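Each chain is listed here by its residues.
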Amino acid sequence: MIFVLTIIAFLTLATAAVALALRNLIHSALLLTVSWSGIAAFYLWAGAEFVAFAQILIYVGAISMVVLFAVLLTRRSRDDFAIAPESVGRAVSALIAGGAVLGVLFGAVVSTRLPDPPTSAPVVTVRRLGLQLMSPHAAALLVVGALLTVALLGAVVLAATARRDATEDAG
Amino acid sequence: MLQMTLALSASACRSLLAGASYLVELAKAWRPAASSDSLLERAPVMLRDAVTGFLPEPWRWFANSLIAIVAILAVFGLLFAYLTLAERKILGRIQNRPGPNRTGWFGLLQPFADGVKALTKEDIVPANADRVLHFLAPVALVALSLLGFAVIPFGRQLVPIELNAAVLYFFAAGAATELAVFMAGWASHNKYSLLAAMRALAQLISYELPLLLSFVPVVMLAGTLSTTEIVAAQGGWKWGFIPHWYVLTPWGFAGFAIFMVAALAESNRSPFDLPEAESELIAGHLTEYSGFKYALFFMAEYFGMCALSGMAVTLFLGGWQAPLPFLEFIPSYAWFAAKLLALLLGFIWIRATFPRLRMDQLTRLAWKFLVPLALINLGTAAFWSLTHDWAGPLQLARWGVAAVLVVGPFVIMGRTLSAGVAPRKYRYA
Amino acid sequence: MNLSPLHLCLLFSSALFCIGLIGALCRSNTILVLLGVELMLNAANLNFIAFWRFGPAPSAETGVIFVLFSIAVAAAEAAVGLALVISIYRHQQNIRLQEANRLKG
């Protein structure tokens, strides 16, 4: 059990770290999908089946695609993927800040006495999840739906270009 | 000496006893557990248990999974091989030519000849290609397209994994294949491959939407995401001879039609085979692939087609249920296979019949026709589910309203869809 | 030191959060910064699931539902963020964050 968690954590963290350190953006995006799949594996390990598949469907299926499209749309030449290395000062300060946060978080987690875990894993069936979503959380569900619609419309408006001329295939 | 003999005889006795109890267990398995399960029905499971029955518990689970994986690989691998042959034969017959008939009897060894040819071809990797991704793309595509088979109930007792959110799993696994298409196009270091991959992705994403929306009514009416329960919900017969399959309801028929059109597009089959149109795009994102990697892409396409057809059978055609009560003596997996093969034959027939769509027609069909129809179908299914207690003449009204809700939008939107298209003006001809 | 599974999950998620943080701080490419932010969001989701699974009140589905909503919001964020990246690119022909410092379009 712990062994599996260690493997999942190692895989996720390693791919995430390498992805954010790479200079080729396409490789970064593809490696990050492995990392997101690792997080889905963690959800499966914890018994949250529905969330795991939702994570795969949304992150690996949708968000990675949007990222890849954005990478392809924001470059001028084929060899524009490799981005220039960052300045050393910036990297060092980022590492110091991140390391400090990591130290604080690790210290806080290790020094906290957490309640004993329940003996049996909580079972959440899709049916119960659906009933919960539809009755007590119905308002939140509606708000999320509205948010997604507005966000997608906004994204289209932001990314769309004005058509230069109406006669598109006159030539 | 005596102790050793005793110990030996004790262990021999124990193993004998274990063997005997194993035989007893086997004999128990031979006796019909439920009256509906015939011997033929339980044959695959019994065969599996006979192989793995002697293993201790955790290993037994592992061995059972392994056997399921090997069985799926063997059955669908062979199906892939002979599907290519069947496709070429049927296409040939439709086009009034014999098709492959030189290798073996009636060309039955043709798939193996093709396999040997693909294996012995030179594997060409372009000089500037991204070698790792170029290799990973076909491998990932085949692996991901095989994942979907894990949740399809092939028979009454033949479900590889029973998941609570099985349908979601199936489509999550399917969504991941898009990444492999992108990898193939990008790793080739060829701008036309990249463009073709982008077009393929646009198509896959566009048709993902109607595909997902078309099965939501099934989930709504069955009240579950588990494939076994969806199949169970379609059991039984009305008046003793009309099966309760979802395809035989107005919303189910519309959902099935939308699902099959979207499945055609998702598996890059003609008339939606723009991504790899051999005659126009030199195979699109597969231009830089050769030999066995190229064959792997086609393997993945056929696996995806089989998995989507299997899902369509499960969701709309009653899964492994027999169509008539007196035909139940035929084992369930045979019914599943028959329905699956019928759908696959439909795929081949469609390929031989329809011309390829243009890119703009393709996206227009998805966004302006299939998605709105699927959304309206959701409303029809909601109406159907709310009026489940209407009886007598009201039952007729229920069918009438549902049929109008299905046919009306189809006719109206079909007109607007073809408004600017037909009759076509050949401006450059 | 005896660490329970919950401790390990929390360490995992804090490490993931810090990787995302470092990535978002030290890269100047807008897409990578966005991906770092996504990783931080994922780390928060990990915590929700960890507390739902190993927390004191296992009966409620609240943790799972919170993660579902959070994933939906993350999807919206990614869509809008990447659309912004594309419009930044259209203005200044690159997506380096340091150069995106004008309010005038």
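Please read these numbers as outputs of a predicted model, since none were measured by experiment.

1. A look at the domain arrangement of chain A
Okay, so step 1: Structurally, chain A comprises domain 1 (1-78) and domain 2 (123-160).
Okay, so step 2: With centres defined by C-alpha atoms, the gap from domain 1 of chain A to domain 2 of chain A works out at 22 Å.

2. Thoughts on the packing of aromatic side chains
Residues and elements named next belong to chain B.
Okay, so step 1: Applying the stated criterion to the full structure yields 27 aromatic pairs over all chains.
Okay, so step 2: One aromatic cluster in this structure is built from Phe 76, Phe 80, Phe 149, Phe 154, Tyr 302, Phe 303 and Phe 336.
Okay, so step 3: In this structure, Arg 398 packs its charged tip against the face of Trp 384, placed 3.8 Å from the ring centre.

3. Describing the interface of chain A and chain B
Okay, so step 1: Of the residues lining the interface, 26 residues belong to chain A; the matching set on chain B comes to 26 residues.
Okay, so step 2: Both sides of the chain A and chain B interface together cover about 2300 Å² of buried area, and 73% of this is carbon and sulfur.
Okay, so step 3: There are 0 salt bridges connecting chain A and chain B.
Okay, so step 4: There are 4 residue pairs in polar contact (both at pLDDT 80 or more) connecting chain A and chain B.
Okay, so step 5: When contributions to the side of chain A that touches chain B are tallied by element, the ones reaching two or more residues are helix H2 (25-46), helix H3 (49-73) and helix H5 (126-134) of chain A.
Okay, so step 6: With 13 residues, H3 of chain A is the single largest residue contributor to the side of chain A that touches chain B.
Okay, so step 7: Among the residues making up the side of chain A that touches chain B, the classes are represented as 14 nonpolar, 6 polar and 6 charged.

4. A short note on the state of the cysteines
Between two cysteines, a covalent bond joining their sulfur atoms is known as a disulfide.
Okay, so step 1: Inspection of the entire model under this criterion finds 0 disulfides over all chains.
Okay, so step 2: With no disulfide partner, Cys 9 of chain C has as its closest neighbouring cysteine sulfur the one in Cys 18 of chain C, 16 Å distant.

5. Focus on the interface of chain C and chain A
Okay, so step 1: Every contact between the two is made by 68 residues of chain C and, on the other side, 81 residues of chain A.
Okay, so step 2: Interface area for chain C against chain A, summed over the two sides, is near 6800 Å², with a carbon-plus-sulfur share of 79%.
Okay, so step 3: One can count 0 salt bridges joining chain C with chain A.
Okay, so step 4: Summed over the shared surface of chain C and chain A, the number is 11 residue pairs in polar contact (both at pLDDT 80 or more).
Okay, so step 5: Where the side of chain C that touches chain A is concerned, the elements lending two or more residues are helix H1 (5-26), helix H2 (30-54) and helix H3 (62-92) of chain C.
Okay, so step 6: If you tally residues by element for the side of chain C that touches chain A, the top one is H3 of chain C, at 22 residues.
Okay, so step 7: By residue class, the composition of the side of chain C that touches chain A is 49 nonpolar, 14 polar and 5 charged.

6. Some details on helix H6 (residues 138-159) of chain A
Okay, so step 1: Compared with the 32 Å implied by 1.5 Å per residue over 22 residues, the 32 Å span of H6 of chain A between its first and last C-alpha is a close match.
Okay, so step 2: Residues Val 144, Ala 151 and Ala 155 of chain A constitute the buried set of H6 of chain A. Buried positions in H6 of chain A, seen along its axis, are confined to an arc of 35° and lie on one side of it. Within H6 of chain A, the exposed residues directed more than 90 degrees away from the buried face are Ala 139, Leu 142, Val 143, Val 150, Leu 153, Val 156 and Val 157 of chain A.
Okay, so step 3: Where H6 of chain A is buried, its residues meet H3 of chain C.

7. Quick notes on the side chain of Asp 130 of chain B
Okay, so step 1: As for its position among the elements, Asp 130 of chain B is in the loop between helix H4 (110-120) and helix H5 (131-147).
Okay, so step 2: Owing to a relative accessible area of 15%, Asp 130 of chain B belongs among the buried residues under this scheme.
Okay, so step 3: Once residues within four sequence positions are removed from consideration, Asp 130 of chain B is found in contact with His 27 of chain A together with Trp 186 and Ala 187 of chain B.

8. Some words on the environment of Ile 67 of chain B
Residues and elements named next belong to chain B.
Okay, so step 1: Residue placement: Ile 67 occurs in helix H3 (residues 57-94).
Okay, so step 2: Residue classification places Ile 67 among the partly exposed positions, given a relative accessible area of 29%.
Okay, so step 3: C-alpha of Ile 67 to C-alpha of Thr 52: the two residues are 15 residues apart in sequence and 9.0 Å apart in space.
Okay, so step 4: With residues near it in sequence (within four places) discarded, Ile 67 still touches Arg 48, Val 51 and Thr 52.

About the thresholds
- Residues numbered from 1 in each chain as written.
- Chains lettered and ligands numbered in written order.
- Predicted model: local features only at pLDDT ≥ 70, side-chain atom pairs only at ≥ 80, totals over all residues.
- Heavy atoms only, no water.
- Domains from an automatic or database assignment.
- Phe/Tyr/Trp six-rings, centres within 6.5 Å; stacked < 30°, edge-to-face > 60°.
- Lys NZ or Arg CZ within 6 Å of the ring centre and 35° of its normal.
- Contact = heavy atoms within 4.5 Å.
- Buried area = accessible area lost by both parts, 1.4 Å probe.
- Salt bridge = Lys/Arg side-chain N within 4 Å of Asp/Glu carboxyl O.
- Polar contact = N/O pair within 3.5 Å; in protein donor to acceptor, adjacent residues only side chain to side chain.
- Helix = DSSP H or I, 4+ residues; strand = E, 2+ residues; numbered from the N terminus.
- Nonpolar A, V, L, I, M, F, W, Y, C, P; charged D, E, K, R; others polar.
- Disulfide = S-S within 2.5 Å.
- Expected span 1.5 Å × (residues − 1).
- Buried < 20%, exposed > 50% of the residue type's maximum accessible area, 1.4 Å probe, protein only.
- Arc of directions from axis to C-beta.

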